[in-house]
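# What the coordinates show
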Number of protein chains: 2
Amino acid sequence: MTEVDVIAEARTPLTRDRVLRAAVALADRGGIESLSMRKLAQALDVVPMALYRHVANKDELLSGLVDVVVGEIDPPRTDADWKTAMRERILSARRALLRHTWASTVMESRTTPTPVVLGYMDSMIGLLRTGGFSLDLTHHVLHAMGSRMFGFTQELFNDTTDVDPEAAAEMWGAMAGTYPYIYEIFTTISHDDRSVVGAGCDDQFEFEFALDVMLDGIERLRNRS
Amino acid sequence: MTEVDVIAEARTPLTRDRVLRAAVALADRGGIESLSMRKLAQALDVVPMALYRHVANKDELLSGLVDVVVGEIDPPRTDADWKTAMRERILSARRALLRHTWASTVMESRTTPTPVVLGYMDSMIGLLRTGGFSLDLTHHVLHAMGSRMFGFTQELFNDTTDVDPEAAAEMWGAMAGTYPYIYEIFTTISHDDRSVVGAGCDDQFEFEFALDVMLDGIERLRNRS
DNA sequence: ACCTTACGTGTACGCCGTACACCTGTCAAC
DNA sequence: GTTGACAGGTGTACGGCGTACACGTAAGGT
């Protein structure tokens, strides 16, 4: 056995799939900002430029990541009305996004939908159309649902970087006077959580709440027409 | 008049305000990706490191930009019920965002709200509380509104980079078979626009449609409780 | 035996944010 | 008037990034 053979069997050949899976793994731990072509190459024990045989560039890599995540969303069930089918699928999408917290950011950064994403959207539209929505109403509903169709509301400042309690307490003290309404809300909700104040929301509940407001709203519009 | 004097009067001194306004101008034309500390310094005819006397780092600069944009949002009118006050203010926010198309992206990238943003949110919450919303319901509504409270729905793939018509036509042809529902929608809506297919939505209408679905929904919840 | 083709490598370029030491003009205190 | 602190712009440099481009090198078809 020559030295060449050792090297040859030591590394499985690069594939687009292997690249994508390594990228997902890298982003899952460490966040999307820690995903660089160079670090990805390093994780695959390969020189950075080698990646470019399998993805066109970083942007296309990111689109590939979106495809991976969207591919994890369950297909819609066919034995239910449009509303529950859509609701459940969106909640499935949300589960996928919770597994890959970077995904929503990356999806928003995309400028063009991939075939995988188009397929997802097409089947979602199908749920509405076969559920009795007119063409026009379907169109408006698509806009109204927006990114929620992919399982995420765009919450502002929902990051989980927890600060030290001392600074937080001081901040909330100052808030009492300056931002009375914010203070009022954040001091009364969810002190059952581990932190005394703030960020103790039941995200799943809030997501479903917002989703249902939307679904109920569009259902009413459907029935009216 | 010495040479020094000429130089001294040739450049107005740098200010945080001047830096921010130059950054806004740079981003307005050329997009947020063309805003780098180096280019910003160049636009101000100054060396890059000079900026750091007025902003802590690029992140803090971006937060400053958000403050500028949020500062452009009109205060809520006080002579109307909560619903129209909120509706009009959100539409004012949307106008500010349309003036600075990069702003929604930057806002989403923020990890911590600035005092200016907190002030905006506080007054929005105030509209709900004084409008008769319970603490709990107000809280849920905040989540449900999400980024829409700042005037933007997170539309996916709403960029305006128009491709050449030939490629577009080919794409739509292929879509007819693969994505029938998408095809159906995009070929029937808004051919009054300049482009034959796609991207011809009335964004203002769609935004208000979604906003009203939301507002009507929460109004119903309010009246029920 | 040769030539193509596929695919990993090495080097290099231009961009980025920013740390750090340095200069210089202004102004208060003596 | 001299001095010394300080505020604010400068210059240099470092490490990171994406990726263009030329170069091996091994496998497979002829």
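Residues numbered from 1 in each chain as written. Chains lettered and ligands numbered in written order. Predicted model: local features only at pLDDT ≥ 70, side-chain atom pairs only at ≥ 80, totals over all residues.

Before going further, it helps to spend a moment on the overall build of chain A. Within chain A, the secondary structure is distributed over 11 helices and zero strands. Along chain A, helices and strands appear, N-terminal first, in the series α-α-α-α-α-α-α-α-α-α-α. In chain A, buried positions account for 29% of the 225 residues. For chain A, the proportion of contacts with a sequence separation of at least 24, taken over those separated by at least 6, is 64%. (Helix = DSSP H or I, 4+ residues; strand = E, 2+ residues; numbered from the N terminus. Buried ≥ 20, exposed ≤ 12 C-beta atoms within 10 Å, placed from the backbone. Contact = placed C-beta atoms within 7 Å.)

Right, let's talk about the protein's contact with DNA strand C for a bit. In the vicinity of DNA strand C there are 16 residues, among which A:Leu14, A:Met49, B:Ser36, B:Met37 and B:Asn57 approach most closely. When residues of the surface near DNA strand C are assigned to their parent elements, the largest contribution, three residues, is made by helix H3 (residues 37–43) of chain B. (Near = placed C-beta within 6 Å.)

Taken as rigid bodies, chain B and chain A are interconverted by a rotation of 180 degrees and an axial shift of 0.0 Å, the fit giving an RMSD of 0.0 Å. Such values leave the two copies arranged in the relation of a two-fold axis. (Least-squares fit on C-alpha atoms with pLDDT ≥ 70 in both.)

Moving on, we get to unusual backbone geometry. A negative phi holds for most residues other than glycine; trans holds for most peptide bonds. Backbone geometry places A:Asp45, a non-glycine residue, at a positive phi of 60 degrees. Assignment of secondary structure puts A:Asp45 in the loop between helix H3 (37–43) and helix H4 (58–71).

Where helix H8 (residues 135–145) of chain A is concerned, the buried positions are A:Thr138, A:His139, A:His140, A:Val141, A:Leu142, A:Ala144 and A:Met145. Contact partners of the buried residues in H8(A): helix H7 (115–130) and helix H11 (203–224) of chain A together with helix H10 (180–188) and helix H11 (203–224) of chain B. In the stretch just after H8(A), A:Gly146 is the one whose phi turns positive, near 55 degrees.

Close to DNA strand D lie 16 residues; A:Ser36, A:Met37, A:Asn57, B:Leu14 and B:Met49 are nearest. With three residues, H3(A) is the single largest residue contributor to the surface near DNA strand D.

The biggest cluster of nonpolar side chains holds 103 residues, and the ones touching the most others in it are A:Met214, B:Ala23 and B:Met214. Look past the residues within four positions of B:Ala23 in its chain and what remains in contact with it is B:Leu35, B:Leu40, B:Leu61 and B:Leu65. (Core = buried A, V, L, I, M, F, W, Y, C linked by C-beta atoms within 7 Å.)

To continue, consider the interface of chain B and chain A. Listed per partner, the contact involves 43 residues of chain B and 43 residues of chain A. Listed by contribution, the elements that provide at least two residues to the side of chain B that touches chain A are helix H6 (103–109), helix H7 (115–130), helix H8 (135–145), H10 and H11 of chain B. For the side of chain B that touches chain A, the leading source of residues is H11(B), giving eight residues. Residues of the side of chain B that touches chain A, tallied by class, amount to 19 nonpolar, 15 polar and nine charged. (Nonpolar A, V, L, I, M, F, W, Y, C, P; charged D, E, K, R; others polar.)

Turning next to the environment of B:Thr78. Following the sequence through the fold, B:Thr78 ends up in the loop between helix H4 (58–71) and helix H5 (82–99). Its 8 C-beta neighbours within 10 Å are what place B:Thr78 among the exposed residues.

Turning our attention to the confidence of the model for chain A. Looking at chain A, pLDDT values average 89 and 87% of them are 70 or higher. A low-confidence stretch, residues 1–10 of chain A (pLDDT under 50), is modelled with one contact involving residues beyond four sequence positions or located in other chains. (pLDDT = per-residue confidence, 0-100.)

Glancing now at H7(B). Its 16 residues give H7(B) an end-to-end C-alpha distance of 22 Å, which sits within 8% of 22 Å, the value for a rise of 1.5 Å per residue. Note on H7(B): the residue one or two positions beyond its end, B:Gly132, has a positive phi of about 100 degrees. (Expected span 1.5 Å × (residues − 1).)

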